[in-house]
Amino acid sequence: MANFYRDNDDIQFLFRHTDLGVLAGLCEEDFKFSSEFDYAPGSADEAIQNYDMVLESLGQLSAGFISPRAEDVDREGNTLNEDGSVSYAKGIQESLEKLAQAEVMGFTLPYRFGGLNFPNLVYSMAIEIVSRADAALMNIFGLQGIAETINAFASEEIKQKYLHDFTAGKVTGAMVLTEPDAGSDLQSVKLRAFEDDKGNWFLHGVKRFITNGCGDVLLVLARSEPDRAGGLGLSLFVCERGPTVHIRRLEDKLGIQGSPTCEIFFDNTPCELIGERQRGLVTYVMSLMNGARIGIAAQSIGIAEAAFRVARDYAAMRYQFGVAIEKLPAVRDMLIDMKTTIEAGRALLYETSRVVDMEIGYAERLECDSRLRGNDIKKRGNDIKKRGNNSGGKEEAKQLKNESRRYKRYAAMLTPMSKYYCSEMCNKVAYDSIQVLGGSGYMRDYACERHARDARITTIYEGTSQLQIVAAVRGVCSGTAEKFITELAGQSYEPEVKGLLEKLAEGTEQLKSSVAFVKEQGTEYMDLYGRALVDIAIDLINGYLFCGQASTKVDMEVAVSTKDNSANNNETVCIKKRKAKIARRYITKNAAKITALAELIRTGDKSTFSDYDALIGPVPVE
Ligand SMILES: Cc1cc2nc3c(=O)[nH]c(=O)nc-3n(C[C@H](O)[C@H](O)[C@H](O)COP(=O)(O)OP(=O)(O)OC[C@H]3O[C@@H](n4cnc5c(N)ncnc54)[C@H](O)[C@@H]3O)c2cc1C
């Protein structure tokens, strides 16, 4: 039976290559939940088995049910009914029901709300698998961050009110941030939140471009402090779909047709405050968006995987000049680059998800530790401090704090890097997939034209690529990238990749000197060459991740096609050997790119500022 999890050797490999046991230990808080919930695992092995089982059934659902409906969903789109309600495309509605039945709508939520309590890494794998089947459906499946935000920041009462329904798939949500004058710049949000005499909150104003704005539970960013400009005037609210929430229009757009993009007018809509006032943007939305960015990176990998497979298949079957076109160097090269960059994106995304899991795990441990410590100190009185017999615990707490900070810094840099790299890569792969198919690729007969349309949004929503670079370059210029790369370089590798490691070390020196040069030039120059700096850092990180994969302890054979391309007569190769070839290809190609980028950065060319008008000409007059 077709299965988008089992048929993907790279996911299968990474599932085994990554130390999921450590993540399981953190999520399960040393497996304490097994005594309370009969479906909670009692050991790392059991947890990993659960992850595998859920991905297996999701892979089957994606291949057998969701994917066959994607084409019709794309053509049908959603409907705004006369009564203001929205009907999903038939395939979306059916797939959402199946996902609810499969009990996968609360991937990372705690057991007490009916969630699976899985690590983010496994959720990323799930999003990728669903997106390969239908990128538009992922936009609703992947909105689980709304429930996570409620879980992380709302009162217990609000959690109880909504989270059980989210995990049961009875409700869907929306993340309601963007307004006509507040897109990338969310600090400019104007939508008004006001309180009546009894302390009840209401929302008034317009939001646009809201994915699934017709959903049941809406998280809305609004200005609660009318006299305060900027982010600190904003709070986050939760409200329900109802008579005061008007869907004014559904956007007519390029791709992800199955995902309704709504303009909403809130007409004095009753709502509840999430967490504390004024922390809406700076704390809650930032956290929500970080999770969502990882989701879009996973969506991008899924779309790219689907687009690659169409091209791979076509190139083997299509004959021109008496040979299969995959024999032609230009086509061959395109296909290899597609495959290599998908695997690079997946390596980066999974590593980012792992780091985020470590960050969350350590933060929770730290919180738990300080709670226990507080109780302990209260119980035993202040003389504990005086006697100083708590020093061992203190040392442990300090270590926990350091680890927590370290992962937080890495996650803050890797998240925008993943979103940026995977979404840009996905667009290139989808574009090249059409190219491999030639004229046929431009026709609606093949799915790659849909993949290319669906891909286009990934570099825009949840923060454009330019905004991801602004976030990532901070990590590159503050030394976080260098630290992370140094840690990667310090790991143990097989002798086969020694030459590649030397190339990466040379690249790291180029990065260091580029960063030093940029810092001398000032902030404006850093913004100008941010993309080049981030590209170098990502290429180095991916290079090391590939070398790590080529040094894996996982013993696994993967299929490679035979000369006659017969599907049931595939040759196999050891994963380690294959990954060494991928590492060689990726690092060799990028070493030349890194040198060129570093040279460009160090030119000191500022013509973008000095010659803008001359280079670009006037605004066209109609
Ligand atoms: C299909 C779709 C679904 C969406 N879903 C949602 C949703 O569910 N919820 C929600 O709240 N929003 C949603 N959005 C909105 C989306 O997040 C915004 O469109 C996006 O953040 C960009 O904002 P903007 O369109 O206003 O572009 P602008 O902010 O006007 O940007 C225009 C250009 O300027 C560049 N730019 C802007 N600022 C900077 C900067 N500081 N440095 C460098 N370059 C910059 C951008 O990169 C871009 O190239 C959705 C949008 C679409 C199209």
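To be clear, the structure that these remarks concern was listed above.
What you are looking at is a predicted structure, and each value in this text was computed from that prediction instead of being measured.

A. Quick look at the overall build of the chain. Per the secondary structure count, the chain includes 22 helices and 13 strands. In terms of its C-alpha atoms, the chain occupies a principal-axis envelope of roughly 80 × 70 × 65 Å. Considering the chain as a whole, with its 622 residues, one finds that 53% of them fall into the buried category. Contacts spanning at least 24 positions in sequence make up 76% of the contacts within the chain whose residues lie at least 6 apart. As displayed, the chain offers around 28,500 Å² of accessible surface, 51% of which is attributable to carbon and sulfur atoms. Taken together, the 76 basic and 88 acidic charged side chains of the chain have centroids lying 4 Å from each other.

B. Main features of the side chain of glutamate 359. Considering the arrangement of structural elements, one finds glutamate 359 in helix α10 (residues 329-380). Once residues lying within four places of it in the same chain are set aside, the contact partners of glutamate 359 are Tyr407, Lys408 and Ala411.

C. Molecular detail of the packing of helix α7 (residues 145-153) against helix α9 (residues 280-317). At a minimum axis separation of 9 Å, α7 and α9 run at an interaxial angle of 145 degrees. Considering only the axes of α7 and α9, their crossing is right-handed. For the pair formed by α7 and α9, the contact residues are Gly145, Ile146, Thr149 and Phe153 on the first element and Thr283, Tyr284, Ser287 and Leu288 on the second. Tallied by class, the residues present in the contact of α7 with α9 amount to four nonpolar, four polar and no charged.

D. Molecular detail of the pairing of strand β9 (residues 261-273). Pairing of strand β5 (residues 201-211) with β9 involves nine bridges; the strand directions are antiparallel. Bridge pairing links lysine 207 to isoleucine 264 in β9. Here strand β7 (residues 234-240) pairs with β9 via two bridges, running antiparallel. Note on β9: the bridge partner recorded for valine 238 is glutamate 272. Pairing analysis gives five bridges linking strand β8 (residues 245-250) to β9, with the strands arranged antiparallel. For leucine 250, the partnering residue across the bridge sits in β9 and is cysteine 262.

E. Representation of the pattern of salt bridges. Under the counting rule described, the total for this entry stands at 46 salt bridges. In this structure, arginine 444 engages aspartate 74 in a salt bridge whose closest nitrogen and oxygen atoms are separated by 2.7 Å. Within this pair, whereas arginine 444 is found in the loop between α13 (439-442) and α14 (448-456), its partner aspartate 74 is found in helix α3 (residues 44-76), the two being separated by 370 residues in sequence. Residue arginine 444 is classed as partly exposed on the basis of its relative accessible area of 37%. Overall, aspartate 74 belongs to the buried group, its relative accessible area being 7%. Residues participating in the shared-partner salt-bridge network are Asp7, Asp10, Glu128, Arg132, Glu305, Arg309, Lys339, Glu343, Arg346, Arg578 and Lys579.

F. Inspection of the pairing of β7 at higher detail. For β7, the buried fraction is high: six of the seven residues fall into the buried class. Bridge count between strand β6 (residues 217-223) and β7: seven bridges; the pairing is antiparallel. Of the residues in β7, the one forming a bridge with leucine 218 is cysteine 239.

G. Spotlight on the packing of α7 against helix α8 (residues 156-167). Interaxial distance between α7 and α8 falls to 10 Å at its minimum, and their mutual angle equals 155 degrees. Taken together, α7 and α8 sit at an angle that is classed as roughly antiparallel. Crossing of α7 against α8: the hand is left-handed. Contacts from Ile146, Ala147, Ile150 and Asn151 in α7 reach Ile158, Lys159, Tyr162, Leu163 and Phe166 in α8. Broken down by class, the residue content of the contact of α7 with α8 amounts to seven nonpolar, one polar and one charged.

H. Spotlight on the site of the ligand. Near the ligand, the surroundings consist of 16 residues, among which Met175, Thr178, Ser184, Phe209 and Thr464 are the closest. Within the contact set of the ligand, a nitrogen atom lies 2.7 Å away from a backbone nitrogen or oxygen of methionine 175. At 2.6 Å from an oxygen atom of the ligand is found a side-chain nitrogen or oxygen belonging to serine 184. Against a free-state accessible area of 980 Å², the protein chains account for coverage of 64% of the ligand. Of all the secondary structure elements, the ones that give two or more residues to the shell around the ligand are β5 and α15 (465-477). A total of three residues in the shell around the ligand trace back to one element, the largest contributor, which is β5. Among the residues making up the shell around the ligand, the classes are represented as eight nonpolar, seven polar and one charged.

I. Local environment of the nonpolar core. Formed by 163 residues in total, the largest nonpolar core has its most connected members in Phe107 and Phe141. Beyond its immediate stretch of four places on either side in the chain, phenylalanine 141 contacts Leu58, Leu99, Val104, Met105, Phe107, Tyr123, Ala126, Ile127 and Val130.

J. Fine view of the environment of serine 259. Tracing the backbone through its elements, the reader meets serine 259 in the loop between β8 and β9. According to the relative accessible area criterion, serine 259 is buried, its value standing at 0%. Excluding residues within four positions of it along the chain, serine 259 makes contact with Asn78, Ala136, Asn139, Thr211 and Lys253. Here asparagine 139 takes part through its side chain, which lies 3.2 Å from a polar atom of the side chain of serine 259.

K. Region of interest: the environment of valine 220. Along the polypeptide, valine 220 turns up in strand β6. Counting along the chain gives 131 residues from valine 220 to alanine 89, while the straight-line C-alpha distance between them is 25 Å. Setting aside its immediate chain neighbours within four residues, valine 220 contacts Val176, Leu191, Leu203, Lys207, Ser235, Leu236, Phe237, Cys239 and Phe266.

L. Molecular detail of unusual backbone geometry. Of note in the backbone geometry, asparagine 268 takes a positive phi value of approximately 55 degrees without being a glycine. Locating asparagine 268 in the fold gives a position in strand β9. With relative accessibility at 34%, the residue asparagine 268 sits in the partly exposed group.

What counts as what
- Residues numbered from 1 in each chain as written.
- Predicted model: local features only at pLDDT ≥ 70, side-chain atom pairs only at ≥ 80, totals over all residues.
- Heavy atoms only, no water.
- Helix = DSSP H or I, 4+ residues; strand = E, 2+ residues; numbered from the N terminus.
- Buried < 20%, exposed > 50% of the residue type's maximum accessible area, 1.4 Å probe, protein only.
- Contact = heavy atoms within 4.5 Å.
- Areas by Shrake-Rupley, 256 points an atom, 1.4 Å probe, with all protein chains shown as cover.
- Lys, Arg positive; Asp, Glu negative; His and termini not counted.
- Charge placed at Lys NZ, Arg CZ, Asp CG, Glu CD.
- Axes fitted to C-alpha atoms, helices over the stretch in contact; angles between N-to-C directions.
- Left-handed = near helix turned anticlockwise from the far one by under 90°.
- Nonpolar A, V, L, I, M, F, W, Y, C, P; charged D, E, K, R; others polar.
- Pairing = 2+ DSSP bridges.
- Salt bridge = Lys/Arg side-chain N within 4 Å of Asp/Glu carboxyl O.
- Parallel < 35°, antiparallel > 145°, perpendicular 65-115°, else oblique.
- Near = heavy atom within 4 Å.
- Polar contact = N/O pair within 3.5 Å; in protein donor to acceptor, adjacent residues only side chain to side chain.
- Core = buried A, V, L, I, M, F, W, Y, C linked by side-chain atoms within 4.5 Å.

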